[in-house]
Amino acid sequence: MRHFLQYLLTITLISLLVPCNAAIIEISQGAGLPDRCINGICKDNRGLMWIGTQSGLCVYDGYEFKGLLGQSTINRVTINKMIYDNSRDLLWLATEKGLYKIRCSSFNVEMIGNGNKWYNNSVTDLLLLEDNRVFASYKDGEILEITPSGKINIIANIPAADNNKQIYPSRLRIDGNALVISMSSIGPVYEYSFGKRILSDIRNIVRNFPDIDIQDSLVSFHTATEQQVYNINIKNDSLKFFLSQIHEIHNVASIKFFAGNIVYVFCRPFSVYKIDFNSLTVEHILYDIYPGRIYKSFYIDDDNIIWVGSTKGLLKVTNEKNLFQKQLLQYPTISIRSFVMDEFGNKYAGTYSGLFRFDNKKKDWIKIGDQIPFAFTNVKGKYLYFVEEQLRIFRIEKKTGKVEDCLYKEDYSLKSKIGRSIAITSDDSGKIWIGTNAGLVIYNPENDSLFPYKIKNFLNDNIEIRYIKMMPGDKTLLCTNNGIYEIDDVNGQIWHLNTTTRPALSSNTTNFADFDAGGNLWICTEGGGINLLSYTRKNISVLDTKSGLSDNTTYGLIFHNDYAWISTYNGLSRYSFKQKAFRNFFSGTDGLTENEFNRNSYLTDNGTNNLYFGTVNGINVFNPDKLDVPSPHAKLFASTVSKWDNNQKAYVNVFPTFKNNEITLNPSDHFLIINLGLSDYSNPEKVTFSYRVKGLIEDWVTINNQHSIQLSGLGSGMYVIEIRALDSHGSPVMNEIHYEVIVLKSFYKTIWFYLLILIAISLIISYFFYLKIRNLKQLSNLRERIASDLHDDVGSLLTRITMNSDNLRHNLNTPEQNVSKLSKISSLSRYAASSMNDILWTIDSRNNFTGNLADRIREHADEMLLPLSIEIVFDIEVGTKKIISSEKRQALYLIFKESINNIVKHSKATRVNITFIYNNQCLLLRIENNGFNANEKVAYKGQGLRNIKMRADRIHASSTIKNENDHFIVEILGKAKFF
């Protein structure tokens, strides 16, 4: 390289700066970008755009910019550079806070390296090799190699020159088996040899160049002092190309190779040049039309759309394809109204700028008159005819092109009804048929007469005739503002179709009609698309924007081979009979003069096979057999699929993390949103999406002016969502998307719930019968207990009373004995009554409260102890309304009664302490007396004491019978839950 200048062979190119017919769309921060400074742009495999900005990363599907959910760091950090690994679907990010790797299919973010050293270090550049190795340069001078397995190698550490921290590794390029590292500002260029693993300063000629790009040992670079761009071979120091004709070359910001020998040169503040080293041409593809904007990043996608990131937003540059020859654009108001071609090959065009004839020698249109023809008709013979809007009829001599006014006999009553003329044709007899806003008018050139057309069954005066077609058998087809008619002179109206007939048209206003090779009638309508009437006249099918038609207002069509060419209010449509699909053409992308076409403005040149279509701004001419139309290649994708998570109270992404395109929704996940996009970003607003939900909606639903599908209220079950799209040209895209959506049943709709309900019902029924049986058993037990009590207590008492009564009656007793026996009978009777009362009290459910038991205890104690002058001390703590079962109430009362009876019979007590406590923790019944008899042993020897223990055990309570300090104590203790 040191001998490069002395061997320099200068080749000067006089650059031909050809302005590109490009459409530039500016996307600013107001459209949703996180920041207006765009540092990186790329597109992943499915077609989703990734935009790196000064304030974070976002994705773009052609409609919306969105950050990554749950990735706050990536959404806010400054992105310095981005590269995309197509083979592994990985996005590598060089940021101010380290190096990151994103798996685009799952939005999974991973930081490369650990610790604060990596996190706080700025990554300045990235390089991806074909073997999937990634190289990253850090601002502190480290150069990293990340292998495909994820291993990190530090291959170099370049110190700052003269401790100048402003000079650091800024650009990485690969050349053969070496890594070329250029420094920021005016710094050296290093080469790292992979084989020798040596870092060295390379050729002096490259040393002072702040920006280079290398491909296959070719180096493109610019100088800071000279207005020059070089392309040299660094292996042999030979010059490949020298350029010095770009006037902005001293402001070059970056140079990038693309597709071999194509180099893009980016100049500050904002100009882009394309240099072709093969053809030695320079094309100025982008001008500095936005003052103050500085280039930052650059990306060319598969559709040749140039994405330019700058300090003031994102620019999308689309190049218009010049598929059509544009004619008659030299006039300011050249709206084409009609065409005609005679048998000599002469073509005429009626416009608002006058009457034109095509000169076959000059290959150009020549103005021959100031008339404004609204419709032409070619008549056999010397002349062809045209009519102006105000029913002025002219004729043109075919050989000379001379224009003559037809001086017909005016019918003033007729002319007063006609506001404008719209259509014209001629029949085999030479008569001229003119369609007007007030019906059909006939002009006879033989006698220059004009008269209204009158036949039976046809209300001629009330309709607007927009197109007239002569058919075999003297039949005539009329397109009107009230549908389409077929008439003849003999039968009058033969048939009529509009929106109320069967079959029905999609619109009453019809502009054109013609038959295809199969005998089907194609009807152009206003607002209703194309109506296809079958040859049997029984069925009508519709081709509209849902089918791919560019607009539902159609003006004319031409059949050519396997296609139908249709002019519309918004673009030109081509329908393929084989594929049954549309391909649309527009201005700005395909080279049309204008998107809005006119009625009567279509023509086939049978000599050249050229088709002519007139618009509101000139003529479009093309040979359909030679039209180079790119095949549809756009792919449909879902940028995000999100659902409402009722637990998180927020939308969460379920795409693309699920497997096999399966989406599972919980019953509470009421909303499902699928955001759609197309890999072709040239004209996303013209893309049409449609879907159907098998299991819910079997018909296809077209989403008008939307790019997302929103589903809510799906019932439990399995659904298949099928999505398809028509690209911006109306053609079906390459793929469809299918999602299997499983909506889980609410628990109350599952079989388990029904089983649980069945079990619960069974348990309830069983419990009901259990309660019933238990109640029956309790009733039986109660009866047995009552019978037993009556038999044991009252029965024995009554027997004794009977025996005493019999003894009193049959034996001879002294008066004193009689009194004694009567007294005993009386005592037994009172005791029997008391026992009966106790039995009735225990079985009465109205007494099932602790307060009733406490009162009964007081009454019995007072009744039994007070007559014996025994002092009674009560300690009762019970709630009066606490419920206690009759069984437990009876057991406690009988225990208490037995204890009191024992005191009365066996003790010599003078004081009795009675404690009765019942709360939420326990139940305590304690009877304590001071009349303990030392001879009485506490060993449950007596029947009464054994009864006390038995009754306590029966109610799950513990019983304690003891003497303590010459006191005899009976204590019953139980847990409250058993009562």
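Residues numbered from 1 in each chain as written. Predicted model: local features only at pLDDT ≥ 70, side-chain atom pairs only at ≥ 80, totals over all residues. Heavy atoms only, no water.

(A) Molecular detail of the overall build of the protein. Looking only at helices and strands, the protein has eight helices and 70 strands in total. Expressed as a percentage of its 979 residues, the buried residues of the protein come to 51%. Relative to all contacts within the protein whose residues are 6 or more apart in sequence, the contacts with residues 24 or more apart total 51%. Accessible surface computed for the protein: about 46,800 Å², of which carbon and sulfur atoms make up 49%. (Helix = DSSP H or I, 4+ residues; strand = E, 2+ residues; numbered from the N terminus. Buried < 20%, exposed > 50% of the residue type's maximum accessible area, 1.4 Å probe, protein only. Contact = heavy atoms within 4.5 Å. Areas by Shrake-Rupley, 256 points an atom, 1.4 Å probe, with all protein chains shown as cover.)

(B) Geometry of the confidence of the model for the protein. Taken over all residues, the pLDDT of the protein has a mean of 80, while the share at 70 or more is 80%. Low confidence marks residues 203-250, where pLDDT is under 50. Its contacts with residues over four positions away, or in another chain, come to 144 contacts. (pLDDT = per-residue confidence, 0-100.)

(C) Seen up close, the nonpolar core. In this structure, Ile484, Trp522, Ile530, Leu572, Phe585 and Phe613 are the most contacted members of the largest nonpolar core, which totals 39 residues. Looking at which element gives the most residues to this core, the answer is strand S47 (residues 521-525), with four residues. Apart from the residues within four sequence positions on either side, Phe585 is in contact with Leu323, Phe324, Trp565, Gly571, Leu572, Arg574, Asp590, Leu592, Asn595, Leu627 and Val629. In this structure, Ala891, Phe896, Ala909 and Phe916 belong to the second largest nonpolar core, which totals 34 residues. (Core = buried A, V, L, I, M, F, W, Y, C linked by side-chain atoms within 4.5 Å.)

(D) Seen up close, helix H8 (residues 943-954). Compared with an ideal rise of 1.5 Å per residue, which puts 12 residues at 16 Å, H8 spans 16 Å between its outermost C-alpha atoms and is within 8% of the ideal. Of the positions making up H8, those classed as buried are Gly944, Leu945, Asn947, Ile948, Arg951 and Ala952. Buried residues of H8, viewed axially, fall in a sector of 155°; they line one side. Looking at the buried side of H8, the elements it contacts are helix H7 (886-906), strand S69 (958-964) and strand S70 (967-975). (Expected span 1.5 Å × (residues − 1). Arc of directions from axis to C-beta.)

(E) Focus on the sheet that holds strand S45 (residues 492-497). An order of S42-S43-S44-S45 is seen for the four strands of this open sheet, with the pairing classed as antiparallel. Single-partner strands in this sheet number two, and they are strand S42 (465-471) and S45. The mean angle between the axes of side-by-side strands here comes to 20°, regardless of whether they run parallel or antiparallel. (Pairing = 2+ DSSP bridges. Axes fitted to C-alpha atoms, helices over the stretch in contact; angles between N-to-C directions.)

(F) Summary view of the side chain of Glu464. Looking at where Glu464 falls in the secondary structure, it is placed in the loop between strand S41 (449-452) and S42. Polar side-chain contacts of Glu464 include one of 3.2 Å to the side chain of Arg420. A distance of 2.9 Å separates a polar atom in the side chain of Glu464 from a polar atom in the side chain of Arg466. Each residue touching Glu464, except ones within four places of it in the same chain, is listed here: Arg420, Ile422, Thr436, Asn437, Cys479, Thr480 and Asn481. (Polar contact = N/O pair within 3.5 Å; in protein donor to acceptor, adjacent residues only side chain to side chain.)

(G) Seen up close, the side chain of Asn623. Summarising the element assignment, Asn623 is placed in the loop between strand S56 (618-622) and strand S57 (636-645). Excluding its chain neighbours within four sequence positions, the residues that come into contact with Asn623 are Thr608, Asn609 and Asn610.

(H) Spotlight on the packing of H7 against H8. One way to put it is that H7 packs onto H8 with a least axis distance of 9 Å and a crossing angle of 160°. Here H8 runs roughly antiparallel to H7, going by the angle between their axes. As H7 runs across H8, the sense of the crossing is left-handed. Between H7, through Glu887, Ala891, Leu894, Ile895, Glu898, Ser899 and Asn902, and H8, the contact on the second element is made entirely by Gly944, Leu945, Ile948, Arg951, Ala952 and Arg954. Grouping the amino acids of the contact of H7 with H8 by side-chain chemistry returns six nonpolar, three polar and four charged. (Parallel < 35°, antiparallel > 145°, perpendicular 65-115°, else oblique. Left-handed = near helix turned anticlockwise from the far one by under 90°. Nonpolar A, V, L, I, M, F, W, Y, C, P; charged D, E, K, R; others polar.)

(I) Quick look at the sheet that holds strand S5 (residues 65-66). Read from one edge of the open sheet, four strands run S2-S3-S4-S5, paired in antiparallel fashion. Where the open sheet ends on each side, the last strands, each with one partner, are strand S2 (38-43) and S5. As judged from the five bridges shared by S2 and strand S3 (residues 49-53), these two strands associate in the antiparallel manner. Considered in S3, the bridge of Gly40 is made with Gly52.

(J) Representation of unusual backbone geometry. Of the consecutive residues Arg502 and Pro503, the connecting peptide bond is found in the cis state with omega at -5°. With respect to the helices and strands, the residue Pro503 is situated in the loop between S45 and strand S46 (510-515). Positive phi, normally seen in glycine, also occurs at Asn132, with a value near 70°. Along the chain, the position of Asn132 falls in the loop between strand S10 (123-128) and strand S11 (134-138). Unlike most non-glycine residues, Leu391 shows phi in positive territory, near 60°. Along the chain, the position of Leu391 falls in the loop between strand S35 (383-387) and strand S36 (393-397). For Leu391, a relative accessible area of 1% translates into the label buried.

(K) Geometry of the pattern of salt bridges. Counted under the stated rule, the structure contains 30 salt bridges. The partner of Asp125 in a salt bridge is Lys81, with the nearest N and O atoms 2.7 Å apart. Of this pair, Asp125 sits in strand S10 while Lys81 sits in strand S6 (residues 79-85), placing them 44 residues apart in sequence. On the basis of relative accessibility, which here comes to 1%, the residue Asp125 falls in the buried class. Between Glu110 and Lys101 there is a salt bridge, and its shortest N-O distance comes to 3.5 Å. On the basis of relative accessibility, which here comes to 18%, the residue Lys101 falls in the buried class. If you follow the salt bridges from partner to partner, you end up with Arg420, Glu464, Arg466 and Glu526 in one network. (Salt bridge = Lys/Arg side-chain N within 4 Å of Asp/Glu carboxyl O.)

(L) Region of the structure containing a nonpolar patch on the surface. Together, Phe747, Ile751, Trp752, Leu755, Leu756, Leu758, Ile759 and Leu763 make up a nonpolar patch on the protein surface, roughly 880 Å² of accessible area in all. Structurally, Leu763 can be placed in helix H4 (residues 751-810). (Patch = residues over 30% accessible without salt bridge, like charges linked within 9 Å, V, L, I, M, F, W, Y side chains within 5 Å.)

(M) The packing of aromatic side chains, seen in detail. For the coordinates displayed, the defined rule picks out 30 aromatic pairs. Between Tyr60 and Trp307 the ring centres are 6.3 Å apart and the planes differ by 80°, which places this aromatic pair in the edge-to-face class. Here Tyr60 is found in strand S4 (residues 56-60), whereas its partner Trp307 is found in strand S27 (residues 306-310), with 247 residues between them in sequence. For Tyr60, a relative accessible area of 8% translates into the label buried. (Phe/Tyr/Trp six-rings, centres within 6.5 Å; stacked < 30°, edge-to-face > 60°.)

(N) The pairing of strand S7 (residues 90-95), seen in detail. The element S7 is extensively covered by neighbouring structure, given that six of its six residues are classed as buried. Of the two faces of S7, the one holding Leu90, Trp92 and Ala94 and the one holding Leu91, Leu93 and Thr95 are both buried throughout. Of the strand pairs in this sheet, S7 and strand S8 (residues 98-103) are connected by six bridges, and their pairing is antiparallel. Across the sheet, the residue bridging to Trp92 is Lys101, located in S8.

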